[in-house]
Amino acid sequence: PSPLDKEQLQGLRGIREFLKVRTSYDVLPLSFRLVVLDNDLLIKKSLNILIQNGIVSAPLWDSRNSAFAGLLTSTDYINVIQYYCQFPEEIDQVDKFRLSSLREIERRIGVVPLETVSVHPMKPLYEACRRMLKTRARRIPLVDTDDETGRETVVSVITQYRILKFIAVNNEQHTMLLKKPVRELGLGTYSKMATATMNSSVLDVIDLMVKYNISAVPIVDQDYKLLNVFEAVDVIPCIKGGAYDELSSTVGGALSRRAEDFGGIYICGEDDRLDSIFDTIRKSRVHRLIVVDDDSRLKGIISLSDILKYVLLFGEEEDVIRQQSSTLI
Ligand code: ADP
């Protein structure tokens, strides 16, 4: 291996060691708020609560059994939309659905329910990352059990973004060693991209997200130049107030409904290196990077899961991986 490869591996090892000696609890800020939604709440009302609080996901609580009941995310709203499309005559029904109906909705539209994984906050952060990669979850709830009552408490939820930010902020000495260009690492997706145009309907874009199992679709013009990105979370303001018929309107219209504090889109080039990507994550709220050429033409997309997977797994020996994943469950 070249000196560059050696350095790269040294950087990755440093980060992995760090993740093994820190816990999920360490990622949490000193003070934070957690919005937990009761499972009996109407789905329609949950939309307003998320929007008012400026959040895109929340843990659910089953107050009858005093137990954690899963995580509400934009995927659940996409499922409700699919349900509405498959059973349009049931629109009155859709308005009456409660969060506890989400599992039933999954069943009726025939999607495989996401595995609800959680981790104990004091377990190594490395374990939380491995579980996220294994289940393809973008966020993972930290669930603790009260020693005396045996009851579960949801401490917080950590996202891929929070973890990568935590790595970036605390590992500058390691991330600076990651000097290989992203394209050379094969980091991200560069072929068979799902894209749409400003005139595509919101429903078409949602279909793409479901079909490809992805959380964002780049919006391009006729020359394949990048104009914007439609994200799964952009669905939330679209169906606020139960306005499902607006889903046939265009992506362009929907994107204009984005909150004022929208963080923006992050781009990079194929020759950029992971060290500079970590610099961007350190400074900004990045949810993915869109790879473009010098003429802003779309080349690829690097998701946070692509980065997390590379950082955790690249160069790990197969048997080590197998051994570790079997001890995780
Ligand atoms: P994340 O899990 O970080 O939210 P995604 O679900 O969007 O990321 O991405 C899952 C995988 O699909 C990644 O490997 C990513 O490179 C790829 N991907 C993401 N968006 C697209 C797209 N629009 N077209 C094709 N592949 C994509």
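Here, the structure is the one placed above.
To start, this report covers the structure provided alongside it. Since this is a predicted model, take the numbers as computed values, not measurements.

### Structural notes on the pairing of strand β5 (residues 152–159)
Right, on to step 1. Pairing of strand β4 (residues 139–145) with β5, which is carried by seven bridges, proceeds in the antiparallel orientation. Within the sheet, the bridge partner assigned to P141 lies in β5 and is V157.
Right, on to step 2. Counting the residues that bridge the hairpin from β4 to β5 gives six residues, and of these G150 lies at a positive phi of roughly 75 degrees.

### Focus: the site of the ligand
Right, on to step 1. Among the 17 residues in the neighbourhood of the ligand, the closest are listed as R138, T189, A194, S215 and D306.
Right, on to step 2. Within the backbone of A194, a nitrogen or oxygen atom sits 2.8 Å from a nitrogen atom of the ligand.
Right, on to step 3. In isolation the ligand has 550 Å² of accessible area, and contact with the protein removes 89% of it.
Right, on to step 4. Where the shell around the ligand is concerned, the elements lending two or more residues are β6 (216–220), β10 (298–303) and α15 (304–313).
Right, on to step 5. Tallying contributions element by element places α15 first for the shell around the ligand, with three residues.
Right, on to step 6. For the shell around the ligand, the class distribution of residues is seven nonpolar, six polar and four charged.

### So, the side chain of S24
Right, on to step 1. On the secondary structure map, S24 appears in helix α2 (residues 24–27).
Right, on to step 2. Residue classification places S24 among the buried positions, given a relative accessible area of 0%.
Right, on to step 3. If we skip the residues at most four places from it in the chain, S24 touches V119, P121, K123, L125, A128, L142 and I158.

### As for the environment of Y244
Right, on to step 1. Position of Y244 relative to the elements: it lies in the loop between α12 (235–238) and α13 (251–255).
Right, on to step 2. Since its relative accessible area comes to 6%, Y244 is described here as buried.
Right, on to step 3. Y244 sits 96 residues away from E148 along the chain, and the two C-alpha atoms are 46 Å apart.
Right, on to step 4. If near-sequence neighbours (up to four positions away) are discounted, Y244 is found in contact with V80, I81, Y84, I91, V94, D95 and I239.

### Description of the sheet that holds strand β9 (residues 288–292)
Right, on to step 1. Taken together, three strands build an open sheet; the order of strands is β8-β9-β10 and the sheet is mixed. Of all strands in the sheet, those bounded by a partner on one side alone are β8 (266–268) and β10. Going across the sheet, the axis of each strand differs from the next one's by a mean of 30 degrees, ignoring polarity.
Right, on to step 2. Direction of pairing for β8 relative to β9: parallel, over a ladder of three bridges. Bridging from a neighbouring strand, C268 pairs with V291 of β9.

### Focus on a nonpolar patch on the surface
Right, on to step 1. Residues F32, L34 and V36 make up a contiguous nonpolar surface patch of about 210 Å² in total accessible area.
Right, on to step 2. Take V36: it is sitting in the loop between α2 and β1 (37–38).

### Observations concerning unusual backbone geometry
Right, on to step 1. With a phi angle near 50 degrees, K192 is a residue other than glycine that sits in the positive phi range.
Right, on to step 2. Relative to the assigned elements, K192 resides in the loop between α10 (182–185) and α11 (202–212).
Right, on to step 3. Judged by relative accessible area, K192 falls into the exposed class, the value being 75%.

### Things to note about the packing of aromatic side chains
Right, on to step 1. Counted according to the given criterion, the structure contains five aromatic pairs.
Right, on to step 2. Between F18 and F166, the aromatic rings sit 5.4 Å apart at their centres with planes inclined by 40 degrees, giving tilted as the arrangement. Taken together, the positions of F18 in helix α1 (residues 3–21) and F166 in helix α8 (residues 160–170) put the pair 148 residues apart, joining distant regions of the chain. There is no split in this pair, since F18 and F166 are both buried.

The rules behind these values
- Residues numbered from 1 in each chain as written.
- Predicted model: local features only at pLDDT ≥ 70, side-chain atom pairs only at ≥ 80, totals over all residues.
- Heavy atoms only, no water.
- Pairing = 2+ DSSP bridges.
- Helix = DSSP H or I, 4+ residues; strand = E, 2+ residues; numbered from the N terminus.
- Near = heavy atom within 4 Å.
- Polar contact = N/O pair within 3.5 Å; in protein donor to acceptor, adjacent residues only side chain to side chain.
- Areas by Shrake-Rupley, 256 points an atom, 1.4 Å probe, with all protein chains shown as cover.
- Nonpolar A, V, L, I, M, F, W, Y, C, P; charged D, E, K, R; others polar.
- Buried < 20%, exposed > 50% of the residue type's maximum accessible area, 1.4 Å probe, protein only.
- Contact = heavy atoms within 4.5 Å.
- Axes fitted to C-alpha atoms, helices over the stretch in contact; angles between N-to-C directions.
- Patch = residues over 30% accessible without salt bridge, like charges linked within 9 Å, V, L, I, M, F, W, Y side chains within 5 Å.
- Salt bridge = Lys/Arg side-chain N within 4 Å of Asp/Glu carboxyl O.
- Phe/Tyr/Trp six-rings, centres within 6.5 Å; stacked < 30°, edge-to-face > 60°.

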